[in-house]
Amino acid sequence: MQITDVRVRKIDKEGKMKAIVSVTMDNEFVIHDIKVIEGEKGLFIAMPSRKAADGEYRDIAHPINSNTRDMIQNVILAKYETTALDLPEE
């Protein structure tokens, strides 16, 4: 599996969420609404989720193993960092 495209939409408002990302896999499958979040230990990604009837949020799509999650996160954060440099701050 290859990540063939990453599209970053920077969030200009103050807060922990820094961007919303769409990732294309193998030019055939897209995951929208991955969030880039600033945590206590730095940036991380949160997969798209939906609020369940019990009030808990559950991922709609997510990697099955930690190696895949790390690969996706590393590609997204690298793209975010280069995109963040190209976009003006408000």
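Preceding this paragraph is the structure being described.
This text gives an overview of the structure that appears in the document. Since the structure is predicted, the reported quantities are computational estimates derived from the model, not experimental observations.

The rules behind these values
- Residues numbered from 1 in each chain as written.
- Predicted model: local features only at pLDDT ≥ 70, side-chain atom pairs only at ≥ 80, totals over all residues.
- Heavy atoms only, no water.
- Salt bridge = Lys/Arg side-chain N within 4 Å of Asp/Glu carboxyl O.
- Buried < 20%, exposed > 50% of the residue type's maximum accessible area, 1.4 Å probe, protein only.
- Helix = DSSP H or I, 4+ residues; strand = E, 2+ residues; numbered from the N terminus.
- Core = buried A, V, L, I, M, F, W, Y, C linked by side-chain atoms within 4.5 Å.
- Contact = heavy atoms within 4.5 Å.
- Pairing = 2+ DSSP bridges.

**Structural notes on the pattern of salt bridges**
Turning to step 1, where the next piece is worked out: Enumeration over the complete set of coordinates arrives at 3 salt bridges.
Turning to step 2, where the next piece is worked out: With a closest N to O distance of 2.9 Å, D54 and R58 form a salt bridge.
Turning to step 3, where the next piece is worked out: Exposure remark for R58: the relative accessible area of 42% places this residue in the partly exposed category.

**Thoughts on unusual backbone geometry**
Turning to step 1, where the next piece is worked out: With a phi close to 50°, D26 is a non-glycine residue in the positive phi region.
Turning to step 2, where the next piece is worked out: The topology assignment puts D26 in the loop between β2 (17-25) and β3 (29-39).
Turning to step 3, where the next piece is worked out: With phi around 55°, N27 is a residue other than glycine that occupies positive phi space.
Turning to step 4, where the next piece is worked out: With respect to the secondary-structure elements, N27 resides in the loop between β2 and β3.
Turning to step 5, where the next piece is worked out: For N27, a relative accessible area of 62% gives the class exposed.

**Regarding the nonpolar core**
Turning to step 1, where the next piece is worked out: In terms of nonpolar packing, the biggest core is built from 16 residues, with V21, V23, I34, V36, I45 and I76 touching the most fellow members.
Turning to step 2, where the next piece is worked out: Among the secondary structure elements, those contributing two or more residues to this core are β1 (3-10), β2, β3 and α1 (66-86).

**Quick look at the environment of E56**
Turning to step 1, where the next piece is worked out: Looking at the secondary structure, you find E56 in the loop between β5 (49-51) and β6 (57-59).
Turning to step 2, where the next piece is worked out: Taking the C-alpha atoms as reference points, E56 and Y80, separated by 24 residues in sequence, lie 28 Å from one another.
Turning to step 3, where the next piece is worked out: Among residues more than four places away in sequence, those in contact with E56 are R50 and K51.

**Looking at the pairing of β2**
Turning to step 1, where the next piece is worked out: With respect to burial, β2 is a largely interior element, 7 of its 9 residues being buried.
Turning to step 2, where the next piece is worked out: As judged from the 7 bridges shared by β1 and β2, these two strands associate in the antiparallel manner. Looking at β2, one finds that K10 is bridged to A19.
Turning to step 3, where the next piece is worked out: Connecting β1 to the antiparallel partner β2 that follows it, the hairpin turn spans 6 residues, and G15 within it adopts a positive phi of roughly 145°.
Turning to step 4, where the next piece is worked out: Pairing geometry for β2 and β3, over 7 bridges, is antiparallel.

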